[in-house]
Every structure is written in structure tokens, then in C-alpha cells.
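Chain by chain, the residues run as shown.
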Amino acid sequence: GQNIDQPTEMTATEGAIVQINCTYQTSGFNGLFWYQQHAGEAPTFLSYNVLDGLEEKGRFSSFLSRSKGYSYLLLKELQMKDSASYLCAVKTQAGTALIFGKGTTLSVSS
Amino acid sequence: DTAVSQTPKYLVTQMGNDKSIKCEQNLGHDTMYWYKQDSKKFLKIMFSYNNKELIINETVPNRFSPKSPDKAHLNLHINSLELGDSAVYFCASSQDLNEQYFGPGTRLTVT
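Residues numbered from 1 in each chain as written. Chains lettered and ligands numbered in written order. Predicted model: local features only at pLDDT ≥ 70, side-chain atom pairs only at ≥ 80, totals over all residues. Heavy atoms only, no water.

### Some words on the environment of Gln-36 of chain A
Residue and element names in this part refer to chain A. The line we're drawing: In DSSP terms, a helix is any run of H or I states spanning at least four residues, a strand is any run of E spanning at least two, and both are numbered starting from the N terminus. Throughout this description, buried means an accessible area under 20% of the type-specific maximum (1.4 Å probe, protein chains only), exposed means over 50%, and partly exposed covers the range between. By definition, residues are in contact when any of their heavy atoms lie within 4.5 Å. Identification of polar contacts relies on pairs of N or O atoms within 3.5 Å, with a donor-acceptor requirement for protein atoms, meaning one able to donate a hydrogen and the other able to accept it, and with residues adjacent in sequence counted only if both atoms are side-chain atoms.
Take Gln-36: it is sitting in strand β4 (residues 32–37). Looking at Gln-36, the relative accessible area reads 11%, which means it is buried. In this structure, the C-alpha to C-alpha distance between Gln-36 and Cys-88, residues 52 residues apart in sequence, is 9.1 Å. When sequence neighbours within four positions are dropped, the list of residues in contact with Gln-36 reads Ala-42, Pro-43, Thr-44, Leu-46, Phe-60, Asp-82, Ala-84, Ser-85 and Tyr-86. A distance of 2.9 Å separates a polar atom in the side chain of Gln-36 from a polar atom in the side chain of Tyr-86.

Here it is in C-alpha cells:
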């Protein structure tokens, strides 16, 4: 079976750094994606990792360890607008759809 | 210029009815998808489709059927609607197997 785990909820304060972890056990691996979804809106793409290591994009970074079946999304200098759900998703094979985790709801307070 | 669009945005209907949701992408992508997001916000693939192959998630009831008149459109038809079909349905598209772009979603409520 396919299993993707991430924490259900996290809280943090403005200006802080938060790390959202994701572990996966899937029948194959062809890349890991992170999406952000604000309430009532569509998911929007944040990052993509297919090789081990860290990908940095502005305030957001994503890390992947394929041997450990593990990824994290790092958000720096948190802002109120970062309050959203963060979805970890795995593509198991080329040409297939994404398998999503249940998402982590991040609440940023002032 | 909306990349992936869906209509309608909201759909309220009664049990037993048949309804359709339309999706169009203007990105020139070769693959389109339908996802269902339930009340617990869990996003689950229903179908993926390119001009050669339809892949159906085995858990999807056969009351649901995708129809693609052309490469830029993938519509979702639902027959004999049930209460459990109430959810938000997202269309998405991708090119070269990379990131997927999602439409704004259709909130379906079955009463």
C-alpha cells in the first residue's frame, strides 16, 4: 500500500522558522512535491525534490532523503499569510498522478 | 488568463441526479487529472488522462466517468449522485510529468 504521513497541525509565531516533516512508504518513487493550500482555494506548487538534498527557494526550502523515505519543508521568517495547509505528495511512477498526505495545517500567530 | 478553469464553482443538487463538472486548461499540457478533497481535506486522485491513456483509481465508483472532447478539456460526469459524493473536486494538469497546476475547485453538495 501507499502511506504518506505528516503532522496534522502545527503552530508558530511570526518571524519564526518551522519545519514540516513528511515520511512516505510507497511502491515506487519518482519525485516528492510540496503544495500550499489556503482555506477555500486550490493547492499551489511550492517545491519538487527527486534527488537527495536541499532545494532552496526564497523563504521556503525542501529536503529529501530517499533512503529514509523522508522529506521536510522549512519555512523561514514566517508571515501571517503562511497560515495554510501544507501537502506532501509523492509521484510513484512517471506518468502517474500524485499521492497526497493528509496535509499539515499551519497556524501563524503574531 | 486562468491556466486551469472549472465550472461551476458551486453545485448543489439532490440525490439521484446526474451532473457534470467541466475543466479546461490553456497551458498546452498533455495530462489532466481529477482529484476529490473530502471534508477532512484529504486530496485523493480519481483519474488521470492523456491523449493515449486513462488511468482510473480503483476505488472510484463507476458512477463517475471522465470525458475528454479534446486535449484541453477533461469533464467529469457523475450519475446517480449520493450524499457521500459531497466534496470539493479539483481538476489539474501537468506537462512532462512535473508539477501539477490545479483549478479553483468545484464544491459539490448533495442533499
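### A look at the sheet that holds strand β3 (residues 19–25) of chain B
Residues and elements named next belong to chain B. Formally: Following DSSP output, two strands are said to pair if at least two bridges run between them. What counts as an axis is a line fitted to C-alpha atoms, over the stretch in contact for a helix, and the angles between N-to-C directions run from 0 to 180 degrees.
The strand order across the open sheet formed by four strands is β1-β3-β8-β7, and the pairing between neighbours is antiparallel. Edge positions in the open sheet fall to β1 (4–7) and β7 (64–67), since each of these has one partner strand only. Each strand of the sheet is rotated relative to its neighbour by a mean of 20°, with strand direction disregarded. Two strands pair when backbone bridges link them, and β3 and strand β8 (residues 75–78) are joined in this way by three bridges, in the antiparallel orientation.

From the geometry alone we can't say anything about function, so treat these as descriptive.
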